[in-house]
Amino acid sequence: MQYDNTSKKKIIKNDIQKIQHFRLALQTTFLLLVVWIGVEFWLFVSSLSPDVTEFHNRPEGVDGFLPISALMSLWYWIQSGKVNMIHPSGLFIFTAIVAVSVYAGKSFCSWLCPIGTISEMIAEFGEKITGKRIIIPKWLDWPLRSLKYLLLGFFLWAIIPMSVMQLNVFLNSPYNKVADIKLYNFFLQISTTGFVIILILFIFSTFIRGFWCRYLCPYGALLGITGLFSPVKITRNPVSCIDCGLCAKACPSAIKVDKVKRVLSDECTMCLNCVDVCPVKDTLFQQNIITKRKRSNFATAAGIVIIYTGITGLAILTGFWQNSVTAEEYRELYQIIDLIGH
Ligand code: SF4
Ligand code: SF4
């Protein structure tokens, strides 16, 4: 037991920092999985050349990088009751991510997303070399944060009015079938403008924590909204709080955790850093605002893994994972890929 010098309140150091190790392990696993998918996809694309006889199977997980196609597929599924079998894994990855957000807010961003993980790593590097965390002033932060909602709004505005027939035409179009290869080619044959934009985003994300995620990612915007429906929120007990401010300092989303009773922000990624650093037992915790029951850090971590693997695993087991595009069709489309979409 320790005692705070200023408030003399009893402090019991939490021993729950293990959850951050688990979070890091999960982030690393997911990042490695994405690297493996990248290598497999490279082998798949290489095998599409006419001079290569052996076809390399496409890693279906690559569909996770086609969120717009997945959103359209979801909208088609909702309207027609049928699953479109072009990139079905993308649909279920998307559904799993949204389901995770309803359980634990925007937790995908800080527990699974490879971009979020890289963003976190480079921000830590940036803070090490500058020795401080740069916080954008509120008057600039608010309009910048709205950019990602504008991007999301634009996609929803374009997709929601689409009828089942229009969605079906797009989902079965050659463009959608090779959207993953087009994305791959974009990065492989990146233009100077594209490279400069990525470099700028990289530099900004090094010195401004979560620059891409906080200001520009439409996926993050969607999860910020669906995450608001999660009944479990970070909750502070103002009676036992000693106002040390450690929680606010630890928050990567710059939320003033020490000033609120409940974190209701769309920027909270449920990373649990604030809960971990709080030195007073039972002062900062996760609480279901409807039932008033507390949820342990372990339950959050386990829930994220179970929901994500449960939904994607069910899709694999029930045959809704494998893309219906054949090897022959992929080979044919690959020959004319530069003409597709023009
Ligand atoms: S409020 Fe807590 S859980 Fe939410 S982002 Fe900040 S540190 Fe993470
Ligand atoms: S809730 Fe925040 S300010 Fe209060 S004791 Fe915990 S870390 Fe310190």
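### Quick word on the overall build of the protein
Broken down by element type, the protein carries 16 helices and five strands. For 342 residues, the compact-globule estimate of 2.2 N^0.38 gives 20 Å, and the protein sits close to it at 22 Å. For the C-alpha atoms alone, the extent of the protein along its principal axes is close to 75 × 45 × 40 Å. Buried residues in the protein amount to 46% of all 342 residues. If you take every contact in the protein between residues at least 6 apart in sequence, the share linking residues at least 24 apart comes to 77%. When the accessible surface of the protein is totalled, it reaches about 18100 Å², and 69% of it is carbon and sulfur.

### So, the environment of Gly220
Mapped onto the elements, Gly220 comes out in helix H12 (residues 218-227). Taking the C-alpha atoms as reference points, Gly220 and Lys148, 72 residues apart in sequence, are found 7.7 Å from one another.

### Notes on the site of ligand 2
Ligand 2 sits among Arg236, Cys241, Ile242, Asp243, Cys244, Gly245, Leu246, Cys247, Asp258, Cys278, Pro279 and Thr283. Taken together, the residues of the shell around ligand 2 sort by class into seven nonpolar, two polar and three charged.

### Observations regarding the pairing of strand E4 (residues 284-288)
Most of E4 sits out of view: five of its five residues are buried. Here E4 shows no split at all, with Leu284, Gln286 and Asn288 on one side and Phe285 and Gln287 on the other all buried. Here strand E3 (residues 232-236) pairs with E4 via five bridges, running antiparallel. Within E4, the residue paired with Val232 across the bridge is Asn288. Taken together, the two bridges between E4 and strand E5 (residues 294-295) define a ladder with antiparallel strand orientation. Pairing of Gln286 across the sheet is with Arg295, part of E5. Between E4 and E5, which pair antiparallel and follow one another directly, the connecting turn spans five residues, one of which, Lys292, has a positive phi of 70 degrees.

### Topic: the confidence of the model for the protein
With 95% of its residues at a pLDDT of 70 or more, the protein shows a mean pLDDT of 93. Throughout residues 1-15 the model reports pLDDT below 50, and contacts reaching past four residues in sequence, or to other chains, amount to 31 contacts.

### Points about the sheet that holds E3
As summarised here, the arrangement of the three strands in space is E3-E4-E5, forming an open sheet in which the pairing is antiparallel. The open sheet terminates on both sides in strands that have one partner only, identified here as E3 and E5.

### Focus on the packing of helix H3 (residues 88-104) against helix H15 (residues 297-317)
The N-to-C vectors of H3 and H15 enclose an angle of 155 degrees; their axes lie 9 Å apart at closest approach. On the basis of the axis angle, H3 is roughly antiparallel to H15. Our pair here, H3 against H15, has a crossing hand that is right-handed. Of the residues in H15, those touching H3 at Phe92, Ile93, Thr95, Ala96, Ile97, Ala99, Val100, Tyr103 and Ala104 are Ala299, Thr300, Gly303, Ile304, Ile307, Tyr308, Ile311, Thr312 and Ala315. In the contact of H3 with H15, the residues fall into 14 nonpolar, four polar and no charged.

### Notes on the nonpolar core
Trp111, Leu112, Ile234, Val257, Leu284 and Tyr308 are the most contacted members of the largest nonpolar core, which has 52 residues in total. Here the element with the most residues in this core is H3; it accounts for eight residues. Ignoring anything within four residues of it in the chain, the contact list for Leu112 reads Leu26, Phe30, Ser107, Ile304 and Tyr308. Counting 15 residues, the second-largest nonpolar core is a separate cluster that includes Phe44, Val45, Ile86 and Leu333.

### Description of H3
The end-to-end C-alpha distance of H3 is 24 Å, a good match for the 24 Å that 17 residues give at a rise of 1.5 Å each. All of the buried residues in H3 are Pro88, Ser89, Gly90, Leu91, Phe92, Ile93, Phe94, Ala96, Ile97, Val100, Ser101 and Ala104. In this fold, the buried residues of H3 make contact with helix H2 (67-80), helix H4 (107-111), H12, E5 and H15. One or two positions beyond H3, positive phi appears at Gly105, with a value near 55 degrees.

### Topic: the site of ligand 1
If you check the shell around ligand 1, you find 13 residues, and the closest are Cys251, Cys268, Cys271, Leu272 and Cys274. Of the residues assigned to the shell around ligand 1, the class counts are ten nonpolar, three polar and no charged.

### Quick word on the pairing of E3
Counting buried positions over the five residues of E3 gives five, a clear majority of the element. Every second residue of E3 is oriented toward a common face, with Val232, Ile234 and Arg236 on one face and Lys233 and Thr235 on the other, all of them buried.

### Some thoughts on helix H6 (residues 138-159)
Compared with the 32 Å implied by 1.5 Å per residue over 22 residues, the 32 Å span of H6 between its first and last C-alpha is a close match. What H6 keeps buried is the set Asp141, Arg145, Lys148, Leu152 and Ile159.

Cut-off values and rules
Residues numbered from 1 in each chain as written. Chains lettered and ligands numbered in written order. Predicted model: local features only at pLDDT ≥ 70, side-chain atom pairs only at ≥ 80, totals over all residues. Heavy atoms only, no water. Helix = DSSP H or I, 4+ residues; strand = E, 2+ residues; numbered from the N terminus. Rg over C-alpha atoms; globule rule 2.2 N^0.38 Å. Buried < 20%, exposed > 50% of the residue type's maximum accessible area, 1.4 Å probe, protein only. Contact = heavy atoms within 4.5 Å. Areas by Shrake-Rupley, 256 points an atom, 1.4 Å probe, with all protein chains shown as cover. Near = heavy atom within 4 Å. Nonpolar A, V, L, I, M, F, W, Y, C, P; charged D, E, K, R; others polar. Pairing = 2+ DSSP bridges. pLDDT = per-residue confidence, 0-100. Axes fitted to C-alpha atoms, helices over the stretch in contact; angles between N-to-C directions. Parallel < 35°, antiparallel > 145°, perpendicular 65-115°, else oblique. Left-handed = near helix turned anticlockwise from the far one by under 90°. Core = buried A, V, L, I, M, F, W, Y, C linked by side-chain atoms within 4.5 Å. Expected span 1.5 Å × (residues − 1).

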